[in-house]
Amino acid sequence: MLARLLPHPLLTLLLTVVWVLLANEPSAGSVLFGLFLGVVLPLLTRPFWPERPVIRAPATVIEYGLLVLWDICVANVQVAYLILFKKPEELHSRFLVVPLDTRVPEAIVTLAGTITMTPGTVSCDVSADGRALLVHALDAPDPEAAVATIKRRYERRLLEIFG
Amino acid sequence: MSGGLLGFLGEAAVALLLIAGSFFMIVGSFGLLRLPSLMQRLHAPTKATTLGVGGILIASMLFFLFTTGRVSVHELLITLFLFLTAPVTAYMLAKAHLHRARLQKELPPTGRPVGWATFDPAASDPDPDSGLRPTDGR
């Protein structure tokens, strides 16, 4: 019963919190309306997100978030350096193929988003069976090392989180 | 902003963050101008500008903390929405580019029996009843 009313409890919580933050001042009215949105929106969008992902390692979520924030800062400096001081023809821009070990759609989406936000890489496509990511790297002199970094740094943790 | 040493330090921190943020914004825009291919240009707005916007948002939070003494959280929301939308935008641009430039032949092979989803739509949804899950489950 509760699972049918709240298909994604975490999404409900997130939507409520976001609505209260949007109001910028917590009041009974904003909390109530936030809760209303938090209940109605997951119900309306359930056909697009039928199954509930299981978070196996909540501590790793925080670790992952901090790691990604740090990597975004580093990546920004790196990309700024490449743009300012490297001639465009010296850049080793190429497509990389990242084979995926995880089978959970939520983990793949998170990985693709992380890749886009961090070290000189943008994820462009996924293989039709969802088992490999197509990634474009701005400067990857050693493609195998770049793929290994992505797998070790991000996918290993996502595997811990989503299984 | 209040006077005194604390006020000065606050002002200096806000100013520094604004300058650093603007620097990364301008580098991102410069990259858009300088890099030759579309796939390379895609890197500038998804990265260099993230830190730029981040710096300016933190500066804004600090400024309102010092002037009104209250914590403003709208900036955190902007960061959240940015992190949600930037990868989707980049993905849509890349996909459109792959179609328009007809790059199918130049992409590396998937290492799988099927092609990339952009060019191989039939295989991506083998069973309409299986929802959004790809083949053979977990």
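These remarks concern the structure in this document. (Residues numbered from 1 in each chain as written. Chains lettered and ligands numbered in written order. Predicted model: local features only at pLDDT ≥ 70, side-chain atom pairs only at ≥ 80, totals over all residues.)

**Describing the overall build of chain A**
For chain A, the count of helices and strands is six helices and three strands. Mapped from its N terminus to its C terminus, chain A presents α and β elements in the order α-α-α-α-β-α-β-β-α. In terms of overall dimensions, chain A is more spread out than a globule: its C-alpha atoms have a radius of gyration of 19 Å, far above the 15 Å expected for 163 residues. For chain A, the spread of C-alpha atoms along the principal axes amounts to about 55 × 35 × 25 Å. Residue burial in chain A is summarised as follows: out of 163 residues, 37% are buried. If you take every contact in chain A between residues at least 6 apart in sequence, the share linking residues at least 24 apart comes to 68%. (Helix = DSSP H or I, 4+ residues; strand = E, 2+ residues; numbered from the N terminus. Rg over C-alpha atoms; globule rule 2.2 N^0.38 Å. Buried ≥ 20, exposed ≤ 12 C-beta atoms within 10 Å, placed from the backbone. Contact = placed C-beta atoms within 7 Å.)

**Things to note about helix α1 (residues 4-34) of chain B**
Over its 31 residues, α1 of chain B runs 44 Å from end to end, which matches the ideal 45 Å to within 8%, given 1.5 Å per residue. Looking only at α1 of chain B, the buried set comprises Val 14, Leu 17, Gly 21, Phe 24, Val 27, Gly 28 and Gly 31 of chain B. (Expected span 1.5 Å × (residues − 1).)

**Looking at the packing of helix α4 (residues 58-85) of chain A against helix α6 (residues 143-162) of chain A**
Residue and element names in this part refer to chain A. Interhelical geometry of α4 versus α6 gives an angle of 150° and a closest axis separation of 8 Å. Viewed along their axes, α4 and α6 adopt a mutual orientation that is roughly antiparallel. The element α4 and its partner α6 pack so that their crossing is left-handed. Along its contact with α4, which presents Thr 60, Val 61, Glu 63 and Tyr 64, the element α6 presents Arg 157, Glu 160 and Ile 161. Residues that form the contact of α4 with α6 fall into these classes: three nonpolar, one polar and three charged. (Axes fitted to C-alpha atoms, helices over the stretch in contact; angles between N-to-C directions. Parallel < 35°, antiparallel > 145°, perpendicular 65-115°, else oblique. Left-handed = near helix turned anticlockwise from the far one by under 90°. Nonpolar A, V, L, I, M, F, W, Y, C, P; charged D, E, K, R; others polar.)

**Some thoughts on the interface of chain B and chain A**
Contact residues are listed per partner, giving 49 residues for chain B and 41 residues for chain A. Breaking the side of chain B that touches chain A down by element, the ones donating at least two residues are α1, α2 (38-41), α3 (43-68), α4 (74-100) and α5 (121-124) of chain B. In terms of residue count, α4 of chain B provides more of the side of chain B that touches chain A than any other element does, 11 residues in total. Residues that form the side of chain B that touches chain A fall into these classes: 28 nonpolar, 14 polar and seven charged.

**So, the sheet that holds strand β3 (residues 132-137) of chain A**
Residue and element names in this part refer to chain A. Strand order across the open sheet formed by three strands is β1-β3-β2, with antiparallel pairing between neighbours. Looking along the sheet, the strands with just one partner apiece sit at the ends: β1 (94-99) and β2 (121-126). Averaged over all adjacent pairs, the angle separating strand axes in this sheet is 30°, with direction ignored. As paired elements, β1 and β3 share six bridges and run antiparallel to each other. Counterpart to Pro 99 in the pairing with β3 is Ala 132. Of the strands in this sheet, β1 and β3 touch α6, which is tilted by about 45° from β1. (Pairing = 2+ DSSP bridges.)

**Comments concerning the environment of Pro 109 of chain B**
All names here are of chain B. Inspection of the secondary structure puts Pro 109 in the loop between α4 and α5. Assessed through the 10 C-beta atoms surrounding it within 10 Å, Pro 109 is described here as exposed. For the pair formed by Pro 109 and Phe 24, sequence separation is 85 residues and the distance between their alpha carbons is 35 Å.

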